[in-house]
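A structural walkthrough
Spelled out, the chains give:
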Amino acid sequence: MKHSLTSRDFSSVLSHSKAYTINSVLFRFTRNSSPAVGFIIKKTIGNAVERNMFKRQCRLLFVQSKQNIKLIIKPLEHVSKLNKLGVRFAELNKRISCD
């Protein structure tokens, strides 16, 4: 996919990133000139349809945010309980711009 993290980028972000937890979603990111996003989602978080919908919504919000970061997103509770993802991304953008 166009905005997906490579395995090397994924490892790099996990080991050298800043982390923010915003309303049961963990965001790990590093600044970079080529934006990309990856996910850590356990099967216990929801069925395949719910997990894929969560990822699609997050990718859309990530592209719309136009941030030059490499980002890993990990939901910490069942994805059906995670509404208002746009609010979480707005909060993340605010925190990133303050750094």
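Anything mentioned here points back to the structure above.
What you see is a predicted model, and the numbers here were worked out from it, not measured in a lab. (Residues numbered from 1 in each chain as written. Predicted model: local features only at pLDDT ≥ 70, side-chain atom pairs only at ≥ 80, totals over all residues. Heavy atoms only, no water.)

This brings us to helix α2 (residues 48-65). Helix length check: α2, at 18 residues, gives a terminal C-alpha distance of 26 Å against a target of 26 Å (1.5 Å per residue), a fit within 8%. Listing the buried residues of α2 in full gives Arg51, Phe54, Cys58, Leu61, Phe62 and Ser65. When α2 is viewed along its axis, its buried side chains cluster within an angular range of 105 degrees and face the same direction. Opposite the packed face of α2, turned more than 90 degrees from it, sit the exposed residues Val49, Arg56, Leu60 and Gln64. Between the side-chain oxygen at the start of α2 and the backbone nitrogen of Val49 there is a gap of 3.1 Å, and the oxygen is on Asn47. Lys66 sits one or two residues past α2 and shows a positive phi near 55 degrees. (Helix = DSSP H or I, 4+ residues; strand = E, 2+ residues; numbered from the N terminus. Expected span 1.5 Å × (residues − 1). Buried < 20%, exposed > 50% of the residue type's maximum accessible area, 1.4 Å probe, protein only. Arc of directions from axis to C-beta. Polar contact = N/O pair within 3.5 Å; in protein donor to acceptor, adjacent residues only side chain to side chain.)

Let us now look at the nonpolar core. In this structure, Phe27, Phe54, Cys58, Leu71, Ile73, Phe89 and Leu92 are the most contacted members of the largest nonpolar core, which totals 21 residues. Looking at this core, the elements that each hand over two or more residues are β1 (18-22), β2 (25-31), β3 (36-39), α2, β4 (69-75) and α3 (85-98). Not counting residues up to four positions away in its chain, the partners in contact with Phe89 are Phe27, Cys58, Leu61, Phe62, Leu71 and Ile73. (Core = buried A, V, L, I, M, F, W, Y, C linked by side-chain atoms within 4.5 Å. Contact = heavy atoms within 4.5 Å.)

Turning next to the environment of Lys43. Positionally, Lys43 belongs in the loop between β3 and α2. Exposure remark for Lys43: the relative accessible area of 70% places this residue in the exposed category.

Moving on: the packing of α2 against α3. Contact geometry of α2 with α3 gives a least axis separation of 10 Å together with a crossing angle of 40 degrees. By the angle class used here, α2 and α3 are oblique. As α2 runs across α3, the sense of the crossing is right-handed. Here Phe54, Gln57, Cys58, Leu61, Phe62 and Ser65 of α2 come into contact with α3, specifically with Leu85, Gly86, Phe89 and Asn93. (Axes fitted to C-alpha atoms, helices over the stretch in contact; angles between N-to-C directions. Parallel < 35°, antiparallel > 145°, perpendicular 65-115°, else oblique. Left-handed = near helix turned anticlockwise from the far one by under 90°.)

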